Amino acid sequence: MRHHSFAAPASWAAPADPGRPSELPVTRPVPLRQPGDQHSGHVPGVVADALWSYLHTGGTPLLVIAAGTNERPPHCVWATGSCAEVFHREPADLIGSPVDALLWGVDGEPDDGTALAELMRPTRTVTGPLGARHADGSWHRVVVTAHPLLTPRDYDTPVWVLSLTGDLGATQELLAASEHRFVALAERSPIPTMLSEVGIRLAHVNDAFVELIGASAETLLGVGWMEHVHPADRDRVVALIQETMLGENTQAHIRLVTSRQDERRVELRLAPVTTRGRAAGFVGTIEDITERLALQEELYQQARQDPLTGLMNRTQLWDFLLGAMDQPGLVVFFLDLDNFKVINDSLGHDAGDALLIQIAARLRTATRAPDAVARFGGDEFVVACPLVGLGIGAVSMAERLLTAVTTPVTLGSVQIRPSASIGVVVRGPEHASPQDLLRDADIAMYQAKNGGKNRYALCDSEAREAALRELTLVSDLHAALDTGSVVSVYQPVVSLQDGSIRAVEALARWTHPVHGAVSPEVFVGLAERNGLVDALTRLMVERACADIRWWHDELGDLCPRQVHVNVSPLQLPGDFVPQLMSEMLERYAVPPEAVCLEITEGALMVNPDAALATLTRLHDMGVGLAIDDFGTGQSSLAYLCRLPVDCLKIDRSFVADLPDP
C-alpha cells in the first residue's frame, strides 16, 4: 500500500469559533498547491503535528477518493481516524476499498452509481445524503459533502475529499434551501427552460418558456409541448431526446409554432438527467434565434445586393455565373451608359441615381426569369442569359436591351434619351471562368463605345487579341515613361513675315523596341485612358523648361523665344497644370513667358467654367496660352474673347484649299 503524506498549506484562515475545533468550509473547488509553488515561510512542526493529530483522532471524518479507471473502480486512498466511528472499521481497512462498498444509497440499498455521480462533480462542491455501510453489513444515514481537487498531485485521475456528518436535519434544511434556490432560478430565468423526468414527458416548464409559446404551463406539461414543435421537425426532436437519454448532450435548430401561429426559429439544447427511482429524462433550454437569423439573412443579402437598384452585385453575379458555366448557350451582356457623367454633372447625383434605378427596372422587364441582372459598378450593368446562344438569340437580346435603355425618361423637369454601349460575348471553350466571360464582354463594350456609342458589339478573337496588344502596349508605355524612352523633338514655329524662327513646339515621340515608332495618336490616347497622362505631361514640360534654359545659356539671343507644350483636355480642370508650371519654372529659372501651353478647342467646351478658371491662373502667372486646332470645335469667337489666350492655331482643314499667296 502506498503511503500518502499530508502536506499542510502555507496559511490558514482563523476559525469562526476559536474556542473549539472548527471545520474549514469549502464553498468552491480549491486547487492543491501548484507545481513549483514555494511556501512563503517554514510551517512550524507543532502546527503540522497538531493538524495531523486533529485529523486522526477527532474532527470531521474525511475520505480521499480517486476516480475510477479501466483497471480499477473509484476507491478510497486515505481516511482520517474519525472515519472509524462512521464505518465501524479501522481507517487503514478503508484505504483501497471501492467507494460503492463504503457508501450506499440513502435507502440502505447498493447505489447504482446515480447518487455518487451527482455528488462527485468535477468542477463544484456538492452535498447530499448517502448510507454509510458498517463492517457488519448494517448502515446509517450520513451527509456527504464532496470537494473536488482541481490539481491533485500523484494522481492522473480526478480526486475528491468527502466530508461526512450525521446531522441529517441540518442537511435537509440545506437541501430545502438549495431546492428553493433552484426553483427560483428555473422559474425566473430569462432563458426558456423545460425539465423531463420520464422520457419525452415534461414535468416542469418555466415562465420564459410559457411566454415564448403563449400557452399555459399546464397545457405544455406531459407531451402537450410537442404540439408546438413544427410538424416537419417532430421526428428530429424525438430522435434528439432518444440520443440525450443515452447520456449525450445534444442540440439542434428547430422551429416552434406559438399559440399565435407565429413560427419561431430556436436552438434547442438538451442534457441528460437521471432522477433516482424514475426513468431517464432531460433538461432543455431554448434560445430564440429568429431575429438573429433574420438579421444574418439581411446582412447576407446586403452583401450580395446592390443597395441602390436592388439588383445583384458583383459577388452574387459571380456565383450565378459559376453555376451557369456548364449551361449551353450562356451569353453575357456588358452595358455601360453613354455620357452618364454629363447627367451627374448637370442635373446632380440624385438625378443620376434616379436614372440608374430606372435602367435597372427596365433591364429586369426586358429579361427572362432564368436570367441574371446585376449592377457591376457605377453606370455599368451586366445581364447573363443562359440558353440563348450565338446568332439570332444573342443579337435579338442585345437589341431588346438597347431598346429598353434608350426609351426617353424624365428626370425632374428634363426629358433625356439615355443610351448605352453593349458588349456581347457567348461562352466558348476559351472561357474557363466567369472572369474570362466578363473580360471579353468588357472588351466588346469598348468596341461598341469606340464605334460611336449607342450600339452593341460582339467580342471575337480579333477584338480579344487587340485588347491584349493594348494591355501590353500600356505596360511598355509605363516603363518607357519611367526610363525616359519617350523623347521630345521640336518643330519650329516660323514667322510668315520674315521667315525667322519665333518659337518651337515640343512633340512627344516613342520608339518601341519591338514595334518601332508608335504614333502619338496611339500612345497619347493610351496614356489618357490608363492614367499615364500626368506622367507624360510632366515629362514633356520638364524637358521643355530644361532645354530652353540650356539653349538660352548656350545661344543667347539666337535662342527661340518660346517653347510650346501640349496639354491634355483631361488636365484642364484642377490644380495639376498650374502647380506643375510653378514647380518647373522655379526649378530651371525660366521666365513664364518663355513657355506656351497649347489646349485644343474641344477641351474648352467640355467644362467651360473649369477651363476658364485654369487658364486665368496660368495667364496670371505669365505663362503663354494658345488654342490649338481652332475651327474643329463648336466655340464661337464671342466665347474666345472671354479667354485669356495669346494666339490661335488655325486647323489645317481651314487653310488646306487656299491658294498660295
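Preceding this paragraph is the structure being described.
In this text the structure is predicted, and so the values were computed from the model without any measurement. (Residues numbered from 1 in each chain as written. Predicted model: local features only at pLDDT ≥ 70, side-chain atom pairs only at ≥ 80, totals over all residues. Heavy atoms only, no water.)

### Some thoughts on the overall build of the protein
Point 1. When helices and strands are tallied, the protein shows 23 helices and 25 strands.
Point 2. Taking all 661 residues of the protein together, 41% fall into the buried category.
Point 3. Summed over all atoms, the accessible surface of the protein reaches about 36,100 Å², with 54% contributed by carbon and sulfur. (Helix = DSSP H or I, 4+ residues; strand = E, 2+ residues; numbered from the N terminus. Buried < 20%, exposed > 50% of the residue type's maximum accessible area, 1.4 Å probe, protein only. Areas by Shrake-Rupley, 256 points an atom, 1.4 Å probe, with all protein chains shown as cover.)

### A word on the pairing of strand β2 (residues 75–79)
Point 1. Taking burial as the measure, the five residues of β2 include five buried ones, the bulk of the element.
Point 2. Both strand β1 (residues 62–66) and β2 contribute to a ladder of four bridges, which runs antiparallel. Bridging from a neighbouring strand, Ala-66 pairs with His-75 of β2. (Pairing = 2+ DSSP bridges.)

### Quick word on the pattern of salt bridges
Point 1. Under the definition given, this model contains 21 salt bridges.
Point 2. Notably, a salt bridge pairs Asp-345 with Lys-341, separated by 2.6 Å at the nearest N-O pair. Residue Asp-345 and its partner Lys-341 are both found in helix α12 (residues 340–347); the two are separated by four residues, about one turn of the helix. In this structure, Asp-345 and Lys-341 share a single accessibility class: exposed.
Point 3. Residues Glu-542 and Arg-587 are paired through a salt bridge, measuring 2.9 Å at the closest nitrogen-oxygen approach. With Glu-542 in helix α18 (residues 533–555) and Arg-587 in helix α19 (residues 576–588), the pair connects residues that are 45 residues apart, well separated along the chain.
Point 4. Judged by relative accessible area, which is 23%, Glu-542 ranks as partly exposed. (Salt bridge = Lys/Arg side-chain N within 4 Å of Asp/Glu carboxyl O.)

### A short note on the sheet that holds strand β6 (residues 159–165)
Point 1. Strand order in the open sheet formed by six strands is β2-β1-β6-β5-β4-β3, and the pairing between neighbours is antiparallel. One side of each edge strand has no neighbouring strand; the edge strands of this open sheet are β2 and β3 (103–104).
Point 2. Where strand β5 (residues 139–149) and β6 come together, seven bridges link them in antiparallel fashion. Along β6, the bridge assignment pairs Pro-148 with Trp-160.

### Looking at the packing of helix α15 (residues 434–450) against helix α16 (residues 461–483)
Point 1. Running from N to C, α15 and α16 cross one another at 90°; their axes reach a closest spacing of 10 Å. One finds that α15 runs roughly perpendicular with respect to α16. Here Arg-439, Asp-440, Ile-443 and Gln-447 of α15 lie close against α16, whose contacting residues are Ala-463, Arg-464 and Ala-467. (Axes fitted to C-alpha atoms, helices over the stretch in contact; angles between N-to-C directions. Parallel < 35°, antiparallel > 145°, perpendicular 65-115°, else oblique. Contact = heavy atoms within 4.5 Å.)

### Regarding the packing of aromatic side chains
Point 1. Tallying each qualifying case throughout the model produces three aromatic pairs.
Point 2. Here Phe-334 and Phe-376 contribute two aromatic rings whose centre-to-centre distance is 5.3 Å and whose plane-to-plane angle is 65°, an arrangement assigned as edge-to-face. Of this pair, Phe-334 sits in strand β12 (residues 331–337) while Phe-376 is found in strand β13 (residues 372–377), placing the two residues 42 residues apart along the sequence. Phe-376 matches Phe-334 in its accessibility class, with the two residues each being buried. (Phe/Tyr/Trp six-rings, centres within 6.5 Å; stacked < 30°, edge-to-face > 60°.)

### Things to note about the sheet that holds strand β7 (residues 193–198)
Point 1. The strand order β8-β7-β11-β10-β9 describes an open sheet built from five strands, whose pairing is antiparallel. Two strands close off the open sheet at either side, each with one partner strand: β8 (201–205) and β9 (250–257). Each strand of the sheet is rotated relative to its neighbour by a mean of 30°, with strand direction disregarded.
Point 2. Pairing geometry for β7 and strand β11 (residues 280–288), over four bridges, is antiparallel. Pairing of Leu-195 across the sheet is with Val-283, part of β11.

### Some details on the side chain of Arg-304
Point 1. Looking at the secondary structure, you find Arg-304 in helix α10 (residues 290–304).
Point 2. Separated by 2.5 Å, the side chains of Arg-304 and Asp-319 make a polar contact.
Point 3. The residues touching Arg-304, leaving out its near neighbours within four places in the chain, are Leu-311, Met-312, Asn-313, Thr-315, Gln-316 and Asp-319. (Polar contact = N/O pair within 3.5 Å; in protein donor to acceptor, adjacent residues only side chain to side chain.)

### Concerning the environment of Arg-141
Point 1. Relative to the assigned elements, Arg-141 resides in strand β5.
Point 2. The class of Arg-141 is partly exposed, set by a relative accessible area of 41%.

### Re the environment of Ser-582
Point 1. Its location among the elements puts Ser-582 in helix α19.
Point 2. By relative accessible area, Ser-582 is classed as partly exposed at 38%.
Point 3. Along the chain, Ser-582 and Pro-592 lie ten residues apart, while their C-alpha atoms are 8.7 Å from each other.

### Brief notes about the nonpolar core
A general trend in soluble globular proteins is that nonpolar side chains are found buried together.
Point 1. Counting residues in each nonpolar core, the largest one holds 47 residues, and the members touching the most others are Leu-477, Val-486, Met-581 and Leu-597.
Point 2. Considering each element in turn, this core owes the most residues, nine residues, to α18.
Point 3. Excluding anything up to four places from it in sequence, Leu-477 contacts Val-486, Trp-510, Phe-523, Leu-526, Ala-527 and Leu-532.
Point 4. Among the nonpolar cores identified, the runner-up in size contains 32 residues, and Ala-351, Val-373, Ala-398 and Leu-402 belong to it. (Core = buried A, V, L, I, M, F, W, Y, C linked by side-chain atoms within 4.5 Å.)

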